[in-house]
Amino acid sequence: MASCLTLAVRAQGRTVLTVEGLGTAERPHPLQAAFAEAGASQCGFCTPGLVLGARALLDAVPNPTEDEVRDALAGLCRCTGYAKPVAAVLAAASAAPEEEP
């Protein structure tokens, strides 16, 4: 569900994961680290959505194809061609599994 289009009241009684909940500056989530390493950060509006969209994809499809990544991220950002975010997600997916913070 797109948070930018969702009234807060619709989240009442539900668990909401934000990008801040994935990791910390000292111990970033593997996706956050992959985005930083790939230079995949866009503006401050899109990047959290891209990271969380990627997280949802990897939870459902741990080893996605490039097309699956592109489909999952489509429409989450209007200021990118998605090349670096796609590379970051594929890198995170192929990295050795790490414990999440």
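Draft legend 1. Fine view of the overall build of the chain. On a plain count of helices and strands, the chain comes out with four helices and zero strands. When its helices and strands are written in sequence order, the chain yields α-α-α-α. A compact globule built from 101 residues would reach a C-alpha radius of gyration of about 13 Å, and the chain, at 13 Å, matches this within 12%. When its C-alpha atoms are laid out on the principal axes, the chain stretches across 35 × 30 × 25 Å. Across the 101 residues of the chain, 30% fall into the buried class. The long-range share in the chain, meaning contacts at least 24 apart out of those at least 6 apart in sequence, stands at 59%. Of the roughly 6700 Å² of accessible surface on the chain, a fraction of 55% belongs to carbon and sulfur atoms. Within the chain, the 11 negative side-chain charges are centred at a point lying 10 Å from the centre of the 7 positive side-chain charges.

Draft legend 2. Representation of the packing of helix H2 (residues 46–60) against helix H3 (residues 66–73) within the structure. The contact between H2 and H3 brings their axes to 9 Å, and the two run at 130°. Classified by the angle their axes make, H2 and H3 are oblique. Here H2 and H3 pass one another in a crossing that is right-handed. The segment H2 lies against H3, with Leu-50, Gly-53, Ala-54 and Leu-57 engaging Glu-68, Val-69, Ala-72 and Leu-73.

Draft legend 3. Expanded view of the pattern of salt bridges. Throughout the structure, instances matching the rule amount to two salt bridges. A salt bridge links Arg-70 to Glu-66; its shortest N-O distance comes to 3.1 Å. Of the two residues, Arg-70 and Glu-66 both sit in helix H3, four residues apart, roughly one turn of that helix. According to the relative accessible area criterion, Arg-70 is partly exposed, its value standing at 33%.

Draft legend 4. Summary view of the nonpolar core. Residues Leu-31, Phe-35, Leu-50, Leu-73 and Val-89 are the most contacted members of the largest nonpolar core, which totals 21 residues. Per-element accounting of this core gives the leading share, six residues, to H2.

Draft legend 5. Spotlight on the packing of helix H1 (residues 30–38) against helix H4 (residues 83–94). At a minimum axis distance of 8 Å, the contact between H1 and H4 shows a crossing angle of 135°. Between H1 and H4, the interaxial angle falls into the category oblique. As H1 runs across H4, the sense of the crossing is right-handed. Contacts from Pro-30, Leu-31, Ala-34, Phe-35 and Ala-38 in H1 reach Lys-84, Pro-85, Ala-88, Val-89 and Ala-92 in H4.

Draft legend 6. Main features of the environment of Glu-20. Locating Glu-20 in the fold gives a position in the segment before H1. With a relative accessible area of 61%, Glu-20 lands in the exposed category.

The rules we used
- Residues numbered from 1 in each chain as written.
- Predicted model: local features only at pLDDT ≥ 70, side-chain atom pairs only at ≥ 80, totals over all residues.
- Heavy atoms only, no water.
- Helix = DSSP H or I, 4+ residues; strand = E, 2+ residues; numbered from the N terminus.
- Rg over C-alpha atoms; globule rule 2.2 N^0.38 Å.
- Buried < 20%, exposed > 50% of the residue type's maximum accessible area, 1.4 Å probe, protein only.
- Contact = heavy atoms within 4.5 Å.
- Areas by Shrake-Rupley, 256 points an atom, 1.4 Å probe, with all protein chains shown as cover.
- Lys, Arg positive; Asp, Glu negative; His and termini not counted.
- Charge placed at Lys NZ, Arg CZ, Asp CG, Glu CD.
- Axes fitted to C-alpha atoms, helices over the stretch in contact; angles between N-to-C directions.
- Parallel < 35°, antiparallel > 145°, perpendicular 65-115°, else oblique.
- Left-handed = near helix turned anticlockwise from the far one by under 90°.
- Salt bridge = Lys/Arg side-chain N within 4 Å of Asp/Glu carboxyl O.
- Core = buried A, V, L, I, M, F, W, Y, C linked by side-chain atoms within 4.5 Å.

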